[in-house]
Amino acid sequence: MNRYKGIACIIFSAFCFALMNVCVRLAGDVPSIQKSFFRNLIAFIIAAFILWLQKAPLRCQPGNLKFLLLRSAFGTVGILANFYAVDHLALADASMLNKLSPFFALLFSIWILKERATIAQLLGVAGAFVGALFILKPSFANANLFPAMIGFIGGLSAGMAYTMVRLLGERNEQTPLIICFFSAFSCLIVLPTTFLNFHPMTLQQTVTLLLAGTAAAGGQFGITAAYCYAPAREISVYDYSMILFAAIFGYFIFDQIPDIYSVIGYVIICGIAVWMFQYNKKHAPAT
C-alpha cells in the first residue's frame, strides 16, 4: 500500500512541477530572476508555516550549515537556469533537460558521498548525455543552443543540490527546514537584482507567479512525501511523468510540438531511466 501512495505522491509532484513551468511561461516578459523570487517566496512561507505548526527549532543539526548553504546555492542556480530555459525553449525540452538531474546526482554521489557505481550505471549516465545532445542539438545554426545549454547547466546544478539534500537527510536534518532555508536563501540572493530591476507586473502576472510558487511548494512536499512512503528504486522512474505533463501542456496551451531530434532525446533518456530503475531495483540489497 505504501508503494502505491509513494507512486501517487511522486506523480502529483511531477504534475505540480510541470504546472509551475506553465505558470512561469505564462507570466510573460517578467525577468527570470523576478520569477524565481516569487516562486521561492511562496515556498518559504509554506515551509515556515509547517515548521511553526510542528514547533520545530529554527536551527540546523551541528555541522550541517555548510551543506545547507551548498544545497541552497546550487538549487538557486538550478531554478534560475530552469526558468530561463522555460522562457526560451519548448516546455518539454526545458523539462527534459532539468530531468537530467538524477544522472548528475549519481555522478556527484560517487564523488562526494563516496558511493559506488557499477559499469552499467555509468553507461546509463553516458547514454543520458547522448539523449541530451539530441535535445541540445549543438550547432552554431541552432538559435536555441544558448538557452538549451543554460537548461543543461540547470539540470547539473539541480543534481548537485539533490546530492546535498541526500547528504543532509543522512545527517538527520528536518525536511521543512531544508526547504525553508533554501527558499529564504534564494529570495535573499535574488532580492537586490529584483529590487533594482523590478519589472512592473499586471494583476494577472502576479497571480500567475503566486500560482507558480504554490505549485512548486506542492511539488517539493509531494516528492518528499513520496520518498517517505517508498524507496527511490521503486518509484523514482514515475518522476519522468513530468515530461508527459509538460508535453501535454505545451501542445494545448502554447501550440508547441517538439521536433524529431528532441523526441529521440526524450525516448533515449526516459528509456534509460526505466532501464536504470529496473536495474537498481533488481540489484538493491535485501532489506
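Details of the structure are given in the entry above.
Residues numbered from 1 in each chain as written. Predicted model: local features only at pLDDT ≥ 70, side-chain atom pairs only at ≥ 80, totals over all residues. Heavy atoms only, no water.

### Let's talk about the nonpolar core
Here is step 1: Membership of the largest hydrophobic core comes to 51 residues, with the highest contact counts inside it found for Met20, Met96, Leu97, Leu100, Phe103, Tyr240 and Ile269.
Here is step 2: The leading source of residues in this core is helix α1 (residues 2–26), at seven residues.
Here is step 3: Residues within four places of Leu100 in sequence aside, it is in contact with Ala128, Ala132, Phe152 and Ile269.
Here is step 4: Within the second largest apolar cluster, eight residues are counted, among which are Phe37, Phe38, Val190 and Met201. (Core = buried A, V, L, I, M, F, W, Y, C linked by side-chain atoms within 4.5 Å. Buried < 20%, exposed > 50% of the residue type's maximum accessible area, 1.4 Å probe, protein only. Helix = DSSP H or I, 4+ residues; strand = E, 2+ residues; numbered from the N terminus. Contact = heavy atoms within 4.5 Å.)

### Topic: the environment of Phe277
Here is step 1: Position of Phe277 among the secondary structure elements: in helix α12 (residues 260–282).
Here is step 2: Separated by 170 residues in sequence, Phe277 and Leu107 place their C-alpha atoms 16 Å apart.

### Quick look at the pattern of salt bridges
Here is step 1: Here the structure, examined in full by the defined rule, presents three salt bridges.
Here is step 2: With a closest N to O distance of 2.7 Å, Lys35 and Asp87 form a salt bridge. Note that Lys35 is positioned in helix α2 (residues 32–54) and Asp87 in helix α3 (residues 65–88), a separation of 52 residues in sequence. Like Asp87, Lys35 is buried.
Here is step 3: Measuring nitrogen to oxygen at the nearest pair gives 2.8 Å for the salt bridge that ties Lys99 to Asp239. With Lys99 in the loop between α4 (91–98) and α5 (101–112) and Asp239 in the loop between α10 (232–235) and α11 (241–254), this residue pair connects regions lying 140 residues apart in the sequence. For the pair Lys99 and Asp239, one class covers both residues: buried. (Salt bridge = Lys/Arg side-chain N within 4 Å of Asp/Glu carboxyl O.)

### Structural notes on the packing of α5 against helix α7 (residues 145–170)
Here is step 1: Remark: α5 packs on α7, axes separated minimally by 7 Å, with the N-to-C direction vectors making an angle of 50°. Regarding the angle of α5 to α7, the classification is oblique. Pair α5 / α7 crosses with right-handed handedness. Of the residues in α7, those touching α5 at Ser101, Phe104, Ala105, Phe108, Ser109, Trp111 and Ile112 are Phe152, Gly155, Leu156, Ala158, Gly159, Met160, Tyr162, Thr163, Met164 and Arg166.
Here is step 2: Of the residues that constitute the contact of α5 with α7, the class distribution is eleven nonpolar, five polar and one charged. (Axes fitted to C-alpha atoms, helices over the stretch in contact; angles between N-to-C directions. Parallel < 35°, antiparallel > 145°, perpendicular 65-115°, else oblique. Left-handed = near helix turned anticlockwise from the far one by under 90°. Nonpolar A, V, L, I, M, F, W, Y, C, P; charged D, E, K, R; others polar.)

### Digging into α5
Here is step 1: Over its twelve residues, α5 extends 15 Å from the first C-alpha to the last, a length consistent with the 16 Å expected when each residue adds 1.5 Å.
Here is step 2: Turning to α5, its buried residues number three or more, namely Ser101, Phe103, Phe104, Ala105, Leu106, Phe108 and Ser109.
Here is step 3: Of the residues one or two after α5, Lys114 is the one with positive phi, at around 60°. (Expected span 1.5 Å × (residues − 1).)

### Here's the deal with unusual backbone geometry
Here is step 1: In the Ramachandran plot, Asn172 falls in the positive-phi region, its phi being about 65° despite a non-glycine side chain.
Here is step 2: Within the fold, Asn172 resides in the loop between α7 and α8 (175–196).
Here is step 3: Phi at Asp255 is positive, roughly 55°, even though this residue is not glycine.
Here is step 4: In this fold, Asp255 is placed in the loop between α11 and α12.
Here is step 5: Take Asp255: its relative accessible area is 66%, and that puts it in the exposed class.

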